[in-house]
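Single-letter residue listing:
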Amino acid sequence: MILSKDNLKHIKTDKPAVPEERLFDLPEKVLQFGTGVLLRGLPDYFIDQANRKGLFNGRIVVVKSTGTTGNTDFEKQDNLYTLCIRGIQKEKAVEENIIVSAISRVIPAEKDWNAVLDFARQPALKLILSNTTELGISLLKESIYQQPPASFPAKLLAVLYQRYQAFEGSSTAGLVVIATELIPDNGQKLQEIVTELARFNVLEARFIQWMQTHVEFCNSLVDRIVPGKPDQQTQAELEKQFGYHDELVCIAEPYRLWAIQGSAKVSSLLDFAKADQGMIVTGDIEQFKELKVRLLNGTHTLSCGIAVLAGIDTVKNGMKLPVIDQYISRLMKEEIAMAVPYPLSEKIALEFADIVLDRFANPYIEHLWINITSQYTMKMKIRVLPVLLNYYRQYNKIPRYITFGFAAFLHFMKSEKRGESYFGNFNGLEYDINDEYAAYFYQKFQPLSSQKNINPSADQHLSEKIYIQQVLNDIEFWTTDLNVLPGFTAAVYTDYENIKRTGITAALANLEKQPAQGK
């Protein structure tokens, strides 16, 4: 049996939560660009939850922008799909299954662009959502009269202009546009590109004025791990449990956050935010960005090198090792949470740290440490450096866990070159280095290690000490001289040597036994 509207009556409601019949008659209020699992696992989930509670009461028309074939899976299943929520929340296992009915139809842009433009003219349309990957919000100077335009901003502009014309510039035809692409100020950047495209297409000034006045582009932050379609074994287990086949089933973690930067008008329109505490509409989302970037992403960054050097494959397996689990917990709670470069209460920071620990330990999510090391250096600069500097400003002492993370980073970035690729090798463990700065670190260390006057046994320590000093005092590279931080360089070198001498896990275990440097 395949999941479909007609087959819902055959599904036992104690398995997945089955939608009520009335939900299929709700009006279409949302135009969504993208069919991906993040949209289906977060915004579409929120709208579905609100509809079930009698809030918002609207369904989603989805634009499929990739490929020219139809939407076979969506069509076969009447646009239904099962969202399986799996993970840990407050140290307790969570398992929830929901058949989501928020999507009313999926329109292939290449095949039926006119249907999208027809929906743009419908009075009930209130909201436009997008997740077109980070590359989707980029400027391509093109005509909006193509069938369809190539880029997402041009498609969006065509929809807005169609609506403006249909309602003759009425204020009642205004919309809210929410970008969920993972770039800073996503809504603002989308608005700037759409406005520039309007001028490129020589659209009238009155339209641009209407768009600036009555279309609200909102920045937003989305945070939920939605890996997507499960593997074959998990798929088979779910089908046995549910009693039906679902080609669109996806897994999501319990944690969910959709923070939208918007006015009171936006908050009023998005009344489906009342359905779930994970959705927030506020005038400033900076706090949520800082919590995610520093405590979640920053902790990932400082820990990934440690985990790879320890031979650990996934984040969840790292959390099973007490020495890694303890490092991550103390790093977050004792250092990062105390030095987030944004005014936060300690209570909020520590509560978020506990949430992150649950997410890291989720047994259903396969998050590879080696993937987190991609663009390691850039992540250290953006996510970690501001916390390190702020920690020194506030406490004027060495953050021993951040310092250890830096030492592991410098070990990880020591490389060998083969052709145009760079590889690391730690105690016989080889790994790829996918980092735009790999050549920089290779060049910093290589000239020292290849000098004839350096004795491999006696002078290697000097060579590596010079390597560390040269990297840390490169003001142009870091935009600051890390050597001026009291005791920092010496502490990094000590940790670096301990890692080299005893191995990464033993060095971590010994970290608690050693007095903190510079205290």
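You'll find the structure just up there.
The residue numbering used here restarts from 1 in each chain and proceeds along that chain's sequence as written. At least 70 in pLDDT is required for a residue's local features to be given in this predicted model, at least 80 for side-chain atom pairs to be given and counted, and no such filter applies to totals for whole chains, interfaces and linings, which use all residues. Side-chain numbers here rest on the full set of heavy atoms in the structure, without hydrogens or water.

### Describing the overall build of the protein chain
Then, number 1: Per the secondary structure count, the protein chain includes 21 helices and 15 strands.
Then, number 2: C-alpha atoms define the radius of gyration, and 2.2 Å times the number of residues to the power 0.38 defines the globule rule. In terms of overall dimensions, the protein chain is globule-like: its C-alpha atoms have a radius of gyration of 26 Å, near the 24 Å expected for 519 residues.
Then, number 3: Principal-axis analysis of the C-alpha atoms gives the protein chain an extent of 80 × 55 × 50 Å.
Then, number 4: Burial classes: relative accessible area under 20% of the type maximum marks a residue as buried, over 50% as exposed, and values in between as partly exposed (1.4 Å probe, protein chains only). Looking at the protein chain residue by residue over its 519 residues, the buried ones come to 54%.
Then, number 5: For this count, His and the chain ends are skipped, Lys and Arg are scored as positive, and Asp and Glu as negative. Charged side chains are reduced to one point each, which is NZ for Lys, CZ for Arg, CG for Asp and CD for Glu. For the protein chain, the separation between the mean place of its 56 positive charges and that of its 61 negative charges on side chains is 2 Å. Counting from the N terminus, the helices are the DSSP runs of H or I reaching at least four residues and the strands are the DSSP runs of E reaching at least two.

### Thoughts on the pattern of salt bridges
Then, number 1: What makes a salt bridge here is a side-chain nitrogen of Lys or Arg within 4 Å of a carboxyl oxygen of Asp or Glu, nothing more. This structure, assessed with the given rule, holds 21 salt bridges.
Then, number 2: We note a salt bridge from Glu-20 to Arg-22, for which the minimum N-O separation is 3.1 Å.
Then, number 3: Lys-333 serves as the salt-bridge partner of Asp-354, at 2.7 Å between the closest nitrogen and oxygen. Placement of Asp-354 in helix H13 (residues 346–360) and of Lys-333 in helix H12 (residues 322–336) is noted, with a sequence separation of 21 residues between them.
Then, number 4: Accessibility expressed as a relative area gives 37% for Asp-354, which makes it partly exposed.
Then, number 5: Judged by relative accessible area, Lys-333 falls into the partly exposed class, the value being 29%.
Then, number 6: Salt bridges sharing partners connect three or more residues here, namely Asp-223, Glu-253 and Arg-359.

### Quick notes on the packing of helix H5 (residues 152–166) against helix H7 (residues 205–214)
Then, number 1: Comment: axis = line fitted to C-alpha atoms, over the contacting stretch for helices; angle = value between 0 and 180 degrees taken between N-to-C directions. Direction vectors running N to C along H5 and H7 enclose 105°, while the axes themselves pass 11 Å from each other. Viewed along their axes, H5 and H7 adopt a mutual orientation that is roughly perpendicular. Contacts between H5 and H7 involve Leu-157, Leu-160, Tyr-161 and Tyr-164 from the first element and Arg-206, Phe-207, Trp-210 and Met-211 from the second.
Then, number 2: In the contact of H5 with H7, the residues fall into seven nonpolar, no polar and one charged. Should an angle fall under 35 degrees it is called roughly parallel, over 145 degrees roughly antiparallel, and 65 to 115 degrees roughly perpendicular, with every other angle called oblique. The criterion used for residue contact is that any of the two residues' heavy atoms lie within 4.5 Å. Asp, Glu, Lys and Arg are counted as charged, while Ala, Val, Leu, Ile, Met, Phe, Trp, Tyr, Cys and Pro are counted as nonpolar; the rest, among them Gly, fall into the polar class.

### Section: the nonpolar core
Then, number 1: By convention a nonpolar core is built from buried Ala, Val, Leu, Ile, Met, Phe, Trp, Tyr and Cys residues, the set being connected through side-chain atoms within 4.5 Å. One finds Tyr-327 and Phe-406 to be the most contacted residues of the largest nonpolar core, which totals 81 residues.
Then, number 2: If you tally residues by element for this core, the top one is helix H10 (residues 286–309), at ten residues.
Then, number 3: In this structure, Ala-109, Phe-152, Ala-158 and Trp-210 belong to the second largest nonpolar core, which totals 41 residues.

### Notes on the pairing of strand E9 (residues 220–223)
Then, number 1: Where burial is concerned, the two faces of E9 agree: the one with Ser-220 and Val-222 and the one with Leu-221 and Asp-223 are both buried.
Then, number 2: Should DSSP find at least two bridges between two strands, the strands are regarded as paired. Looking at chain direction, E9 and strand E11 (residues 257–261) are connected through four bridges and run antiparallel. Pairing of Ser-220 across the sheet is with Ile-260, part of E11.

### Quick word on the side chain of Asp-435
Then, number 1: Take Asp-435: it is sitting in the loop between strand E15 (429–432) and helix H17 (438–449).
Then, number 2: Of the buried charged residues, Asp-435 lacks a salt bridge, with Lys-381 as the closest side chain of opposite charge at 8.2 Å.
Then, number 3: Here Thr-377 takes part through its backbone nitrogen, which lies 2.8 Å from a polar atom of the side chain of Asp-435.
Then, number 4: Ignoring anything within four residues of it in the chain, the contact list for Asp-435 reads Gln-375, Tyr-376, Thr-377 and Met-413. Pairing of N or O atoms within 3.5 Å defines a polar contact, subject to two protein rules: one partner must be a possible hydrogen donor and the other a possible acceptor, and residues neighboring in sequence count only if both atoms are side-chain atoms.

### As for the state of the cysteines
Then, number 1: For this text, the term disulfide refers to a pair of cysteine sulfurs within 2.5 Å. Under the criterion given, the structure shown has zero disulfides.
Then, number 2: Counting only cysteine sulfurs, Cys-84 is the nearest neighbor of Cys-250, a cysteine outside any disulfide, at a range of 7.6 Å.
Then, number 3: A relative accessible area of 0% means that Cys-250 is categorised as buried.

### What to know about helix H20 (residues 488–502)
Note that an α-helix has 3.6 residues per turn; residues three or four places apart therefore point the same way.
Then, number 1: Multiplying 1.5 Å by the residue count of a helix minus one yields the expected span of that helix. In a regular helix each residue adds 1.5 Å, so 15 residues correspond to 21 Å; H20 covers 21 Å between its end C-alpha atoms and thus fits that length.
Then, number 2: Residues Phe-488, Thr-489, Ala-491, Val-492, Tyr-493, Asp-495, Tyr-496, Glu-497, Asn-498 and Ile-499 constitute the buried set of H20.
Then, number 3: Phi turns positive, to about 95°, at Gly-503, one or two residues after H20.

### A few points about unusual backbone geometry
Then, number 1: Here the bond from Gln-147 into Pro-148 is cis, since omega is 5°, no more than 30 degrees from zero.
Then, number 2: The topology assignment puts Pro-148 in the loop between strand E6 (127–130) and H5.
Then, number 3: Although it is not a glycine, Val-202 adopts a positive phi angle of roughly 55°.
Then, number 4: Its place among the elements puts Val-202 in the loop between helix H6 (186–200) and H7.

### Regarding the sheet that holds E11
Then, number 1: Strand order in the open sheet made by the three strands is E9-E11-E12, with mixed pairing throughout. The open sheet is flanked by E9 and strand E12 (279–282), the only strands paired with a single partner. Strand-to-strand twist across the sheet, computed as the mean angle between neighbouring axes with direction ignored, equals 10°.
Then, number 2: In this structure, E11 lies alongside E12, joined through four bridges in parallel fashion.

### Some points on the pairing of E11
Taken residue by residue, a regular strand's side chains alternate between the two faces of the sheet.
Then, number 1: Here E11 lies mainly inside the structure; four of its five residues are buried.
Then, number 2: A crossover connection joins E11 to the parallel E12 through helix H9 (residues 264–269); in handedness this β-α-β unit is right-handed. By convention a crossover is right-handed if, when the strands point away from the viewer, the path from the first strand over the helix to the second runs clockwise.

### Re the packing of H20 against helix H21 (residues 504–511)
Then, number 1: Following both chains from N to C, one finds H20 and H21 inclined at 130°, their axes separated by 7 Å at the closest point. The orientation of H20 relative to H21 falls into the category oblique. Relative to H21, H20 is oriented so that their crossing is right-handed. Along the contact surface, H20 presents Asp-495, Asn-498, Ile-499 and Thr-502, while H21 presents Ile-504, Ala-506, Ala-507 and Leu-511.
Then, number 2: The class makeup of the residues in the contact of H20 with H21 is five nonpolar, two polar and one charged. Note: crossing handedness is left-handed where the near helix turns anticlockwise from the far helix by less than a right angle, and right-handed where it turns clockwise.

The values are spatial; any link to function lies outside them.
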